[in-house]
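# Close look at the chain arrangement
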Amino acid sequence: MKKFIFVTGGVVSSLGKGLTAAALGTLLENRGLKVALQKFDPYLNVDPGTMSPYQHGEVYVLDDGAETDLDLGHYERFTSVKLTRLNNLTSGQVYQTVLNNEREGKYLGKTVQVIPHVTDEIKNRIHVLAEKSGADVIITEIGGTTGDIEGLPFLEAIREFALEVGYNNAIFIHVTYVPFIKAAGELKTKPTQQSVAKLREIGVTPHVLVCRCERPLDKDLRQKISLFCNIPVEAVIEEKDVDHSIYEVPLMLQRERMDDLVCRLLHLTTPTPNMTHWQEIIRKLIAPQHRVRIGVVGKYIGLQDAYKSVYEAIIHGGVANDCGVEIVQVDAEDIEKNGVEKTLKGLGGILVPGGFGERGVEGKILAAQYARENKIPYLGLCLGMQIATIEFARNVLKLAKAHSTEFDPATPHPVIAMLDEQRKVTKKGGTMRLGAQPCQLAVGSKAGQLYGSFVIHERHRHRYEFNNAYREKFEQAGFVFSGLSPDGKLVEVIELPGHPFFLASQFHPEFLSKPHQPHPLFRGFIAAAHHRIHQKPI
Ligand code: GLN
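Everything in this summary refers to the structure shown in the same document. By convention here, each chain's residues receive numbers from 1 onward along its written sequence. Side-chain atom pairs in this predicted model are given and counted only at pLDDT of 80 or more, local residue features only at pLDDT of at least 70, and totals for whole chains, interfaces and linings cover all residues. The basis for every side-chain value is the complete set of heavy atoms in the structure, and neither hydrogens nor water enter the calculation.

### Examining the overall build of the protein
To keep things clear, this is the line we draw: Secondary structure elements are taken from DSSP: a helix is a run of H or I of four residues or more, a strand is a run of E of two residues or more, and numbering for both begins at the N terminus. All radius of gyration figures rest on C-alpha atoms, and the globule criterion is 2.2 Å times the number of residues raised to 0.38. Exposure classes here rest on a 1.4 Å probe applied to the protein chains alone. A residue is buried below 20% of its type maximum, exposed above 50%, and partly exposed in between.
Check the secondary structure of the protein and you find 20 helices and 23 strands. Computed over C-alpha atoms, the radius of gyration of the protein comes to 25 Å, within 12% of the 24 Å expected from 2.2 N^0.38 for 538 residues, which places it in the range of a compact globule. The principal-axis extents of the C-alpha atoms in the protein amount to approximately 70 × 60 × 45 Å. The proportion of buried residues among the 538 residues of the protein is 58%.

So this is what it looks like as C-alpha cells:
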C-alpha cells in the first residue's frame, strides 16, 4: 500500500513548507523509501511561467519543459527525484480540465460543482502521480496558508483522500509559526492554535505540527501546543531558523525524530537513515577550507527568491571545492550608474544569470567586458550567454550597436535574434524553447573537460538564440562555440580560450545542481574564482 503525506501551512506564508517537505523527503529516501513530491498551488494561473519574479520568485523548469513553482527546485535538490509536470498542479490547471470536460460533455446532465468535480480532479492528480512515480511515499504540499479562500478545494480534496485511503496510509503535517514577541519576551502559541483550529473546522486534524520559530521550544511550550492543538507532544516538532544553511533542515528534523514518527504513523518499517554524507556537506558549508566572493549581476536583486536555483548552485559549487561562497548581489543598474570598476572590484568571479527585458542590460554588458578584459572568471546563464556575445561583438569585433533583437529590434548587428519558429508564436504561456535538450560538446573544450562527457542534456527557457549569420566572424576572432545542438544549428555553450574561465550557456545548468551532486559548470567556475583569489589576495 502506498503512503501519503500532506503538508499544509498556517499563520503566514514563506514559512518554508517546501523546504520541510523536501527535507522530510531526504530523510525518507535515506531510509530506503522511494519518494515522490508534489506541489499544489491554489492560484488561477495555469503555471507560473507568465508571472513576474516580483509576484512569484523564480520559475523552476523541469526536464519535460514544465514551468513550475520554485519549491520543486527544493524537491529535486534535496532528493534524487526527477520531477515532471505531474508534480505541480495549480487551480488554473484544475479548472481548465474541468471546464474542458464540461464542454466535451463528460458530465452530461450534471451540475458541475467544486465538490465533487473540482475535488475529484485534485484527488485524481495524487493517484496519477502515485501510480506513475512508483513511489512508496507521496508527499503533497499545499501552497498558500490555511484560511485562504482559494485553497479550500485543495484542503477538502486531501481530507476526502485521507478518508478514502485510511489514516494508516495518509497523514497531515501542518507547518506553523511560533513567533517570539519581544515585548513579552516569550514565544507565543496562539497563532498556531488558531491555525490548527481553522484546519480542524474543515475536517483536517494534523498528525504532526512543525513549529517554525526563532528560539527553541521548551518542554512546557511543547506541552501547551500539544494540549491546545490536540496533538501528542512527540508530534510537536521544533524547526528553528537555521544558523548557516537550508541544508541543515533534514538533520534538524532527524534530531526531532520526525522521520521516526512519520514512519510509525504510516506503519512503515525502515532502518534509521545514514546521513553521514549529508553531515559532510554541512561541515563544508559551516567550516570551509577556503572562501571566495562571487558577484551575481542581476535585475531582481532585492528579491530573495528570483535567482533561487542560481544561488543554490553557486553554493554547491563551493561545496565541491570546500569553499565558502559569499554571494554579492549586484544590481546591474548600479554598474550603469556608479561604474563597473567601483561596483565589481575585488570579486573572485562574476555571474550573469537569466533574465528578460531591457532594464539593466547595459550594466550586464559592462560586467561581461570587465570580466573578459581583466581575466576574472565569468559564468553566463541564458541571458548571461547572450550578454557575453553582445559584448564580444561590440568590443572585439567592433560591430557598433550590436544587440539582441529582444532589446533593440532595429540593431544593425542582431547577433542574438529570435528563431523563425518562435516568430510565429503569439501566445505567451508555455511557448518558449523549454526543457531538457541534448547538446554536443566540442572535444578539447573547457565545457567538455568539466562535464567529462560530450553529450549532455540541459534545461532551457528562452526565445532568442545566437544568430548563425555571425558564427564565422566570431570564430575568426577566437570565440569558441563549444556546445551545439546535435544538428549543429543552435549555439548552446560559448567559451574563450586563453581566459582562466569565461564560459556561458544558453541553457540553465542551475536547475540540475544538488548539494550532493554539484553541477560541473559551477564546480569549475568556483574553482577558477578561488584559484584567482588564492593567487592574488584582495
Ligand atoms: N530573454 C532571453 C530569451 O528569451 C533570455 C531568457 C533567459 O535568460 N531565461 O532568450
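Continuing now.
### Re the packing of aromatic side chains
Note the following rule: Ring geometry is summarised as follows: Phe, Tyr and Trp rings, the Trp one being its six-membered ring, pair when their centres sit within 6.5 Å, and such pairs are stacked at plane angles under 30 degrees, edge-to-face over 60 and tilted between the two.
Within this structure, the stated rule accounts for 20 aromatic pairs. For the pair Tyr300 and Tyr307, a centre-to-centre distance of 6.3 Å together with 45° between the ring planes defines the contact as tilted. For Tyr300, a relative accessible area of 13% corresponds to the buried category. Pairing Phe474 with Phe479 gives two aromatic rings, centres 4.8 Å apart and planes at 70°, and the pair type is edge-to-face. For the pair Phe474 and Phe479, a shared accessibility class is recorded, and that class is buried.

### Brief notes about the site of the ligand
Stated precisely, the cut-off is as follows: The nearness test applies per residue and asks whether one of its heavy atoms lies within 4 Å of the molecule or strand. What qualifies as a polar contact is a pair of N or O atoms within 3.5 Å, subject to a donor-acceptor requirement within protein and to the restriction that residues adjacent in sequence count only when both atoms come from side chains. Computed with the Shrake-Rupley method and a 1.4 Å probe, the accessible areas treat only the protein chains shown as cover for residues. The distinction between a cavity and a pocket rests on a 1 Å grid over the protein atoms alone: a 1.4 Å probe fits inside a cavity but cannot get out, while a pocket stays open yet meets protein on both sides within 12 Å along at least five of seven lines, and a residue with an atom within 4 Å of a point counts as lining. Each molecule is assigned to a cavity or pocket provided more than half of its atoms lie within 2 Å of the corresponding grid points. Amino acids are sorted into nonpolar (Ala, Val, Leu, Ile, Met, Phe, Trp, Tyr, Cys and Pro), charged (Asp, Glu, Lys and Arg) and polar (every other residue, Gly among them).
Near the ligand the following residues occur: Gly354, Gly355, Phe356, Cys382, Leu383, Gln386, Glu406, Arg461, His462, Arg463, Tyr464 and His508. Leu383 is positioned with one of its backbone polar atoms (N or O) 3.0 Å from an oxygen atom of the ligand. Between the ligand and Glu406 there is a distance of 2.7 Å, counted from a nitrogen atom to a side-chain nitrogen or oxygen. Summarising the interface, the protein chains cover 99% of the accessible area of the ligand, which totals 290 Å² for the free molecule. In this structure, the ligand is accommodated by the second largest pocket. When contributions to the shell around the ligand are tallied by element, the ones reaching two or more residues are helix H16 (383–395) and strand S19 (455–462). In terms of residue class, the shell around the ligand is made up of four nonpolar, five polar and three charged.

### What to know about the pattern of salt bridges
To be explicit about the condition: One side-chain nitrogen of Lys or Arg within 4 Å of one carboxyl oxygen of Asp or Glu is enough to make a salt bridge.
Here the structure, examined in full by the defined rule, presents 35 salt bridges. The shortest N-O distance in the salt bridge between Arg459 and Glu76 comes to 2.9 Å. Residue Arg459 is located in strand S19, and its partner Glu76 is located in helix H3 (residues 71–78); the two are separated by 383 residues in the primary sequence. On the accessibility criterion, Glu76 (3% relative accessible area) is buried. When salt bridges with common partners are traced through the structure, they connect Lys39, Asp41, Asp69, Asp71 and Glu141 into a single cluster.

### Looking at empty space enclosed by the protein
Put simply, the test is: Grid points are joined across faces, edges and corners, and a volume is the space filled by probe spheres set on the points.
Counted according to the given criterion, the structure contains one cavity of 30 Å³ or more. Of the volumes computed, that of the largest cavity is approximately 80 Å³. When its residues are assigned to classes, the lining of the largest cavity shows two nonpolar, eight polar and one charged.

### So, the layout of surface pockets
To locate leftover empty space, one rolls a probe as large as a water molecule over the atoms. Space inside the second largest pocket adds up to approximately 720 Å³. For the second largest pocket, the lining is made up of 35 residues, of which Gly49, Gly355, Phe356, Met432 and Arg461 are closest to its centre. Listing elements by their share of the lining of the second largest pocket, those giving two or more residues are H16, helix H17 (420–423) and S19. Residue classes in the lining of the second largest pocket are distributed as 16 nonpolar, eleven polar and eight charged.

### Regarding the packing of helix H7 (residues 190–201) against helix H8 (residues 219–229)
Packed helix pairs are specified by the crossing angle of their axes together with the interaxial distance, meaning the distance between the axes. The cut-off we apply is this: With axes taken as lines fitted to C-alpha atoms, and helix axes fitted only over the stretch in contact, angles between N-to-C directions fall between 0 and 180 degrees. Orientation categories follow fixed angle ranges, with anything under 35 degrees roughly parallel, anything over 145 roughly antiparallel, 65 to 115 roughly perpendicular, and all other angles oblique. Note: crossing handedness is left-handed where the near helix turns anticlockwise from the far helix by less than a right angle, and right-handed where it turns clockwise. Here, two residues are considered to be in contact whenever any of their heavy atoms come within 4.5 Å of each other.
Where H7 contacts H8, the axes come no closer than 10 Å and their chain directions differ by 25°. One element, H7, and the other, H8, form an angle in the roughly parallel class. Considering the relative orientation of H7 and H8, their crossing is right-handed. Contacts between H7 and H8 involve Thr192, Gln193, Val196 and Arg200 from the first element and Lys224, Ile225, Phe228 and Cys229 from the second.

### Let's talk about the sheet that holds strand S22 (residues 491–495)
To keep it simple, the criterion reads: Two strands form a pair only when DSSP identifies at least two bridges running between them.
Here nine strands make up an open sheet; going across it, the order is S13-S12-S14-S15-S23-S22-S21-S18-S19 and the pairing mixed. Among the strands making up the open sheet, the edge pair consists of strand S13 (323–331) and S19. In this sheet, neighbouring strand axes are inclined to one another by 25° on average, regardless of whether the strands run parallel or antiparallel. Contacts from helix H15 (residues 361–373) reach strand S12 (290–298), strand S14 (349–352), strand S15 (378–381) and strand S23 (502–505) within the one sheet, and its direction differs from that of S14 by about 145°.

### What about the pairing of S13?
Of the pairings in the sheet, the one linking S12 to S13 comprises nine bridges and is parallel in character. Each residue of the ladder has a partner; that of Arg293, found in S13, is Glu326.

### Side note on H8
Going by this rule: In this context, the arc is that of the directions from the helix axis out to the C-beta atoms.
For H8, every residue scored as buried is listed here: Leu221, Arg222, Ile225, Ser226 and Cys229. For H8, the angular spread of the buried residues around the axis is 140°, confining them to a single face. More than 90 degrees from the buried face of H8, the exposed residues found are Lys219, Asp220 and Leu227. Structurally, H8 contributes buried residues whose contacts are with strand S9 (186–187), H7, strand S10 (208–213) and strand S11 (236–240). Its side-chain oxygen placed 3.3 Å from the backbone nitrogen of Asp220, Asp218 serves as the N-cap of H8. Of the residues trailing H8, Asn230 is marked for its positive phi of about 60°.

### Focus: a nonpolar patch on the surface
The test is simple: Patch definition: residues above 30% relative accessible area lacking any salt bridge, with like charges linked at up to 9 Å and the nonpolar side chains Val, Leu, Ile, Met, Phe, Trp and Tyr linked at up to 5 Å.
The grouping of Leu44, Tyr95, Leu99, Val114 and Ile115 at the surface amounts to a nonpolar patch, some 460 Å² of accessible area in total. Broken down by secondary-structure element, the contributors of at least two residues to the nonpolar patch are helix H4 (91–103) and helix H5 (114–133). You can see Ile115 is positioned in helix H5. Using a relative accessible area of 47% as the deciding quantity, one classes Ile115 as partly exposed.

### So, the environment of Ala135
As for its placement among the helices and strands, Ala135 is situated in the loop between H5 and strand S6 (137–142). A relative accessible area of 1% places Ala135 in the buried class.

### Re the environment of Tyr451
Along the chain, the position of Tyr451 falls in helix H18 (residues 446–451). Residue contacts for Tyr451: discarding those within four places in its chain leaves Leu441, Ile456, Glu458, Phe507, His519, Pro520 and Leu521. A polar contact of 3.4 Å, which involves the side chain of Tyr451, links it to the side chain of His519.

### Some remarks on the side chain of Ser226
As for its placement among the helices and strands, Ser226 is situated in helix H8. The class for Ser226 is buried, based on a relative accessible area of 15%. Reaching out from Ser226, the side chain makes a polar contact with the backbone oxygen of Ile231 at a distance of 2.6 Å. In this structure Ser226 touches Ile231, Pro232, Val233 and Val236, once residues within four positions along its chain are discounted.

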